[in-house]
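Residue-level structure breakdown
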Amino acid sequence: MNQQRKRVLSGIQPSGTLHLGNYFGMMKPAVELQDGNECFYFIADYHALTQLPDPALLRQRSRGVAVDFLACGLDPLRTTFFRQSDVPEVHELTWVLNCMTPVGLLERCHSYKDKVARGIEANHGLFSYPVLMAADILIYGSHLVPVGKDQKQHLEVTRDIAVRFNNRYGEILVVPEALIREDVAVVPGLDGQKMSKSYDNTIEIFAAGKAARSRIMKIVTDSTPLEDPKDPEACNVFALYRLMATEAEREALAQRYRAGNMGYGHAKQALAEKYEEFFGPMRERRRELLEHPDLVEDILRTGAARARAAARETLNRVRAAVGLDG
Ligand code: ADP
Ligand code: TRP
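Presented here is an overview of the structure given in this document.

Rules and cut-offs
- Residues numbered from 1 in each chain as written.
- Chains lettered and ligands numbered in written order.
- Predicted model: local features only at pLDDT ≥ 70, side-chain atom pairs only at ≥ 80, totals over all residues.
- Heavy atoms only, no water.
- Near = heavy atom within 4 Å.
- Areas by Shrake-Rupley, 256 points an atom, 1.4 Å probe, with all protein chains shown as cover.
- 1 Å grid on protein atoms, 1.4 Å probe; cavity = no way out; pocket = protein on both sides within 12 Å on 5 of 7 lines; lining within 4 Å.
- Sits in = over half its atoms within 2 Å of the grid points.
- Nonpolar A, V, L, I, M, F, W, Y, C, P; charged D, E, K, R; others polar.
- Helix = DSSP H or I, 4+ residues; strand = E, 2+ residues; numbered from the N terminus.
- Polar contact = N/O pair within 3.5 Å; in protein donor to acceptor, adjacent residues only side chain to side chain.
- Contact = heavy atoms within 4.5 Å.
- Points joined across faces, edges and corners; volume = space filled by probe spheres on them.
- Domains from an automatic or database assignment.

1. Focus: the site of ligand 1
Lining the immediate surroundings of ligand 1 are 15 residues, of which His 19, Arg 181, Met 195, Ser 196 and Lys 197 lie closest. In the complex, 79% of the free accessible area of ligand 1, which totals 540 Å², lies under the protein chains. In a pocket analysis with a 2 Å cut-off to the grid points, ligand 1 is assigned to the largest pocket. Taken together, the residues of the shell around ligand 1 break down into 5 nonpolar, 7 polar and 3 charged.

2. What about the side chain of Asn 166?
With respect to the secondary-structure elements, Asn 166 resides in helix α8 (residues 152–169). Separated by 2.8 Å, the side chain of Asn 166 and the backbone oxygen of Leu 173 make a polar contact. Those residues in contact with Asn 166 that sit more than four places away from it in its chain are Glu 171, Ile 172, Leu 173 and Val 175.

3. Here we look at the site of ligand 2
Taken together, 14 residues surround ligand 2, and among them Gly 11, His 47, Tyr 129, Asp 136 and Gln 151 come closest. Within the side chain of Tyr 129, one N or O atom sits 2.6 Å away from a nitrogen atom of ligand 2. Asp 136 places a side-chain nitrogen or oxygen 2.8 Å from a nitrogen atom of ligand 2. Within the complex, the protein chains bury 89% of what would otherwise be the 370 Å² of accessible surface of ligand 2. With respect to the detected pockets, ligand 2 is housed in the largest pocket. Grouping the constituent residues of the shell around ligand 2 by class yields 8 nonpolar, 5 polar and 1 charged.

4. What to know about empty space enclosed by the protein
In total, this model carries 1 cavity of 30 Å³ or more according to the counting rule given. Considering only enclosed or pocket space, the largest cavity measures out at about 60 Å³ in volume. Forming the walls of the largest cavity are Leu 106, Cys 109, Ser 111, Tyr 112, Lys 115, Leu 126, Phe 127, Tyr 129, Pro 130 and His 154. Those elements that provide at least two residues to the lining of the largest cavity are α6 (110–117) and α7 (124–139). No other element matches α7, which puts 4 residues into the lining of the largest cavity.

5. So, the layout of surface pockets
Of the pockets and cavities examined, the largest pocket occupies roughly 1,800 Å³. Asn 22, Asp 150, Gln 151, Lys 194 and Lys 197 are the residues nearest the centre of the largest pocket, which is lined by 50 residues in total. Computed from the structure, the second largest pocket encloses a volume of approximately 370 Å³. Looking at the second largest pocket, it is lined by 19 residues, and the ones nearest its centre are Phe 24, Pro 29, Asp 183, Val 184 and Ala 185. Listed by contribution, the elements that provide at least two residues to the lining of the second largest pocket are α1 (20–32), β5 (177–180) and α10 (236–244). No fewer than three residues from each of domain 1 (6–185 + 292–322) and domain 2 (206–287) sit in the lining of the second largest pocket.

Structure follows, in structure tokens:
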């Protein structure tokens, strides 16, 4: 049985307060993958440094995302959970990989070009970001890497580098597969566009009752009169409700839409209640974790020790293969 378990690896950047898009697009699928797989999840703080020059903020966000991930259901007994910067071995592999990565491969990366176009400083860390990401993945011998569509090209770069390495030095590295979350719908924001912190259209997952409610009341709806039937499939409120509700609850609300005499205010009310039911217990878990920072540190330290041991193994084989073991 054990042999069939895949090693799943993913990194999350500590980029601020989590919203419904992050939860349903990233956290929830990652938590579900813990069943039946051997997961390695880490906080990508080295990567965050490419764009975050404020040490206090980097520290605070890294701790914050650790607490958030645990509150969302990451189980540290089953999953190796760690901070990227607690495994400095990854840089040694990055260097070796740098030495076989064509500059042209990195120049073609959209993510770099997009960031620079948005005015982010074109530092070398930002440029070589995909090589560090390749090292993250390859150092743990990962089979599957769940990522959003925006990271697809980075996974192609990783595979390209791994194949180059193996062609030159023998079959040392596992060539990973991307697990692109095509099946996870894009979660709409208050205005119906993709929910994103860049569009200021988010609903946070850990907002307390009143704050969440006031965001929910701001969801844009059309002007169908209260008494008319409404199409649930065309409504942003329903699109969010369906993510949290059971099938029976979903069907019941859809029928109320179609029957008429239900205003969007009622639907928002139903969504606010569902939100509370769904995220209330996680918020409570998060509150408890925030009161026990030592426990969170302990979890990350234990994870880092496990991750380092796995990283060392790959690195020893790589050093021997390339001739750095003299
Ligand atoms: P943001 O757009 O708010 O800056 P990020 O780009 O930091 O969010 O996304 C972090 C993770 O959350 C990624 O894996 C991304 O695919 C996922 N994600 C973000 N927004 C959404 C959304 N609206 N729907 C589905 N997944 C999303
Ligand atoms: N670049 C990823 C993001 O911004 C984060 C990340 C870093 C990552 N290293 C990784 C994801 C390795 C998967 C595997 O979302």
